[in-house]
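Analysis of the macromolecular model
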Amino acid sequence: MNHPEQMYNYHAWANQTILGRIKELPSSVLSQEVNSSFPTIAHALSHIYAVDKMWYEVLNGTGMPEALEACILLNGEIHGSVDEYIKRFTDLSAQYSEWLRGQADLEQTILLDNPFAGVRKTSLSEIVFHAVNHGTYHRGNVSTMLRQLGHASIMNDYFLYWYQELAQA
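In this text the structure is predicted, and so the values were computed from the model without any measurement.

Moving on, we get to the overall build of the protein. Helices and strands together make up the secondary structure of the protein, namely 6 helices and 2 strands. When the helices and strands of the protein are read in sequence order from the N terminus, they spell out α-α-α-α-β-β-α-α. Expressed as a percentage of the 169 residues in the protein, the buried residues total 47%. Put simply, 71% of the contacts in the protein that link residues at least 6 apart link residues at least 24 apart. Accessible surface, the protein: about 8,800 Å² in total, of which carbon and sulfur atoms supply 54%. Charge separation in the protein, taken as the distance between the mean sites of 10 positive and 18 negative side-chain charges, equals 4 Å.

The next subject is the packing of aromatic side chains. The full count for this structure, using the stated rule, is 9 aromatic pairs. Their ring planes at 50° and their centres at 5.6 Å tell us that tryptophan 13 and tyrosine 161 sit as a pair that is tilted. In this pair, tryptophan 13 is assigned in helix α1 (residues 3-24) and tyrosine 161 in helix α6 (residues 158-168), connecting sequence segments 148 residues apart. The class for tryptophan 13 is buried, based on a relative accessible area of 17%.

Right, let's get into the packing of helix α2 (residues 41-59) against helix α3 (residues 64-75). The interhelical angle for the contact between α2 and α3, taken along N-to-C directions, is 155°, at an axis separation of 8 Å. Comparing the axis directions of α2 and α3 gives the class roughly antiparallel. Crossing of α2 against α3: the hand is right-handed. Across from Ser46, His47, Tyr49, Ala50, Lys53, Met54, Trp55, Glu57 and Val58 in α2, the residues of α3 making contact are Met64, Ala67, Leu68, Cys71, Leu74 and Asn75.

How each quantity is defined
- Residues numbered from 1 in each chain as written.
- Predicted model: local features only at pLDDT ≥ 70, side-chain atom pairs only at ≥ 80, totals over all residues.
- Heavy atoms only, no water.
- Helix = DSSP H or I, 4+ residues; strand = E, 2+ residues; numbered from the N terminus.
- Buried < 20%, exposed > 50% of the residue type's maximum accessible area, 1.4 Å probe, protein only.
- Contact = heavy atoms within 4.5 Å.
- Areas by Shrake-Rupley, 256 points an atom, 1.4 Å probe, with all protein chains shown as cover.
- Lys, Arg positive; Asp, Glu negative; His and termini not counted.
- Charge placed at Lys NZ, Arg CZ, Asp CG, Glu CD.
- Phe/Tyr/Trp six-rings, centres within 6.5 Å; stacked < 30°, edge-to-face > 60°.
- Axes fitted to C-alpha atoms, helices over the stretch in contact; angles between N-to-C directions.
- Parallel < 35°, antiparallel > 145°, perpendicular 65-115°, else oblique.
- Left-handed = near helix turned anticlockwise from the far one by under 90°.

Functional significance is not addressed by these values, which are geometric in nature.
Listed below in structure tokens is the structure:
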């Protein structure tokens, strides 16, 4: 397995791990307001999903401005149940996994026209790493939000993924 694929698999695992923790809690935890980066946990989850979907579109050849426009509304789609988020993330993870398996050269570069930062040449693997890093950052927000609401979070660090992956092998 290549490193970008392994990192993406970690990202998918970490998303499902934190979603599993949220599923254990009262359903109201999704919509309880907190003073944080996002008004609710549901808003944070929708943001992670929207950005993952946008990068998936870019990896499939859509220009970033077009991908951003196509996915921006997903950022505001607030779902009422953890199961809806689990399904969305599971389906998108399957799409990413299929895309990753079909790539002969993840070091291939594309010209990325980022409306916020300008044009630059970047590799497909860098985009995958960015999507993973973005998710890690916002799962940290979700962990903080859970604590603010009086609930423990759950470990979803990369090193824990290593050991769980090793135990399953």
